[in-house]
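A structural walkthrough
This is what each chain is made of:
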Amino acid sequence: MTSNKMGYRTLLQEHRGLLSIAFMAMFSSSLGQSFFVGLFQAPMAEHLGLSAGQFGTAYTVVTLIAGFAMLRFGPSIDWIPPRRFAMVVLGMLLLGVLMLTLSPFWGLGLLGLGLVRLCGQGMMSHLGNTLAGREFTTLRGRALGLAGTGLMLGETLLPPLVAALLVWLGWRELWWCFGLLLGSLWLPLLWRGRWPGAPGRKPESRQKGGLKPFRERRFWQLLPLLMIMPVTMTGLFIYQAQMTEALDSSLAVYALALTGMGLAKLPGALLGGRWVDRLGAARVARWYLVPFVAALLIAILIGGHAGVWALMVGGGLAVGAQESIATSLLVRLWGAEYLGTLRATLSACMVFSTGIAPAVLGIALDLGASFNQVLIGMLVLLATGWTLAQPLLNRLGPSDDTTPA
C-alpha cells in the first residue's frame, strides 16, 4: 500500500480515514475491558444482587463464554464487509450496555455484561487490529501501533474521568453517557468513512478447506510466546496486594506505577511498530520481552518500590509492542487472507488463559508459595515460551518485512 520510507506523519496524512476507524475500534473496546468494568464492580454487584465473590465468579464465566463466542463469530470478518461488521458489533455493544444497566433480573444483566465483554474487549479490538493488519503491507507495524494507541488513550483517560464524573452521576448514567459518546463518534465514520470492501470469500469455502489454527503446529509454537504478557500481567493485577507486600512496597506506589505502565505502552507501541517495519516481525519478536525480563529480575533481586515500578513500566513497554509483532507474525506465516480467523483464535486463547491464570496463581499462593517464587515462575514461563518460538522465528529469517498483501 505504501512505501517503506514513509513515517508516522505521512501515514496519517495519506491513510487518515482507515486509521481513524481502526483507532476508534480500539478506543471503543475500552467499555468491555477489565480495567473499565472493574471501576464499577461494587455498584454492578449490588444492582445484580450478587456478592463480591459471586460477581467475580460470574465475571469469569461470562468472559470464558465470550472467548468461545470469539472462536465462532470472530472469523466472519474475513468475508463480511467491515462496515457491516462494525455496525453489528456497535449495536450489540450498546444493547449490552442497556441490558446491564436497566435489567431488573440478574440473568439478563449478566447477559448484558457478556455482550459488553464480547463486543467491547473482543470484537472491537478484533476489528481494529484486523483492519490495520490486513489493509497495510510494508507499513503494517506502524499502522498497528497507531491503532493500538486508541486503547491506550482509553486506559489513560477513562479511569480519572470516571472518578471525577461519579461525583455528579450514578454508575448507570455514566455508562449511558459513554454509550452515547461512542455512538456519536461512530456515526460519521459509519456514514462517510472510507471503508475497505469485503475480502469476498464465503463461509462455505472456509468450512471445506479453510485454515484451522489449532491444527497448525506453527501456531502452537508461537502461542506460548504471545501468552506470556497477558497471563503474567493479569496475575500481577489480580494479586497486587500480595505483590506489594512481598516486595516491601505499597498500593499507593502501585497505583502510580500503573499510570507509568499506561504511559510506557505508547512508546512501546510506536517504537515496536516502527521496528517491525524496519527489521521484520521475527527479529523484533526475539527481543521485545527484554524489558519485562529485566523488570522481573529487578523485582526478584532488589524488590521495593523499584521492583513495582520496573514490573509496571517493563510490562507496559512489552505489552505496547506485542500487538504489532503478533499480528505481523500471523500475516507473515499464513497471509492476510486468514487474519480474521487467526486473530479470533488468538484472542480466544488469551481470554481462556487470562481467565485461568488467576485461579492457578491463587492455588499456588494458598499452598504456601511466596510471591517471589511466583515471579521466578513467571520468568521460567517466559524463558520456556521464548525457547519454543525460536525455531519458528529462525526459519522466518530477516526478510519477513516483505509481508504478503
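Cut-offs used in this document
Sequence order as written defines residue numbering, which begins from 1 separately in each chain. A pLDDT threshold of at least 70 governs which residues receive local features in this predicted model, and a stricter bar of 80 or more applies before side-chain atom pairs are shown or counted, although totals over entire chains, interfaces and linings include all residues. Here the side-chain values reflect all heavy atoms present in the structure, with hydrogen atoms and water set aside. For helices the rule is a DSSP run of H or I covering at least 4 residues; for strands it is a run of E covering at least 2, with both sets numbered from the N terminus onward. The contact rule is simple, with two residues in contact once any of their heavy atoms fall within 4.5 Å. By nonpolar core is meant a set of buried Ala, Val, Leu, Ile, Met, Phe, Trp, Tyr and Cys residues that side-chain atoms within 4.5 Å join together. Three exposure classes are used, based on accessible area relative to the maximum for each residue type with a 1.4 Å probe and protein chains only: buried under 20%, partly exposed in between, and exposed over 50%. Within this document, salt bridges are pairs made up of a side-chain nitrogen of Lys or Arg and a carboxyl oxygen of Asp or Glu, the two lying within 4 Å of each other. Given the number of residues in a helix, its expected span is that number minus one, multiplied by 1.5 Å. A residue's bend is simply the angle between two axes: one fitted to the seven residues ending at it, one to the seven starting at it.

**Some words on the environment of Leu 382**
On the secondary structure map, Leu 382 appears in helix H18 (residues 371–396). Distance from Leu 382 to Phe 85, taken between C-alpha atoms, is 36 Å for residues 297 residues apart in sequence. Other than its neighbours up to four places away in sequence, Leu 382 contacts Ile 228, Leu 289, Phe 292, Val 293 and Leu 296.

**Description of the nonpolar core**
In terms of nonpolar packing, the biggest core is built from 63 residues, with Leu 236, Phe 292, Leu 311, Leu 329 and Leu 375 touching the most fellow members. Among the elements of the structure, helix H11 (217–238), helix H13 (251–279), helix H14 (281–285), helix H15 (290–301), helix H16 (304–334), helix H17 (339–366) and H18 are those that each provide at least two residues to this core. For this core, the element with the highest residue contribution is H16, accounting for 13 residues. Core analysis: the next-biggest nonpolar cluster, separate from the first, contains 50 residues, Phe 36, Val 162, Trp 171 and Phe 178 among them.

**Examining the pattern of salt bridges**
Opposite charge on two side chains permits pairing when their charged atoms draw close. For the coordinates displayed, the defined rule picks out 6 salt bridges. The salt bridge partner of Glu 135 is Arg 134, with a shortest N-O separation of 3.6 Å. Owing to a relative accessible area of 10%, Arg 134 belongs among the buried residues under this scheme. Of the charged contacts, one joins Glu 155 and Lys 265 as a salt bridge, the two residues approaching to 2.9 Å between their closest N and O atoms. A residue pair is termed long-range when its members are at least 10 positions apart, and Glu 155 in helix H8 (residues 140–165) and Lys 265 in helix H13 qualify at 110 residues. Connected via shared salt-bridge partners are Asp 78, Arg 134 and Glu 135.

**Looking at helix H9 (residues 171–192)**
The terminal C-alpha atoms of H9 lie 33 Å apart, and with 22 residues this matches the ideal 32 Å at 1.5 Å per residue to within 8%. Along its length, H9 reaches its greatest deviation from straightness, about 30 degrees, at Trp 186, and the proline Pro 188 lies no more than four positions downstream. In the core, the buried residues of H9 are packed alongside helix H2 (16–28), helix H3 (34–37), helix H4 (41–48), helix H6 (82–102), helix H7 (106–135) and H8.

Purely geometric numbers; function is a separate question.
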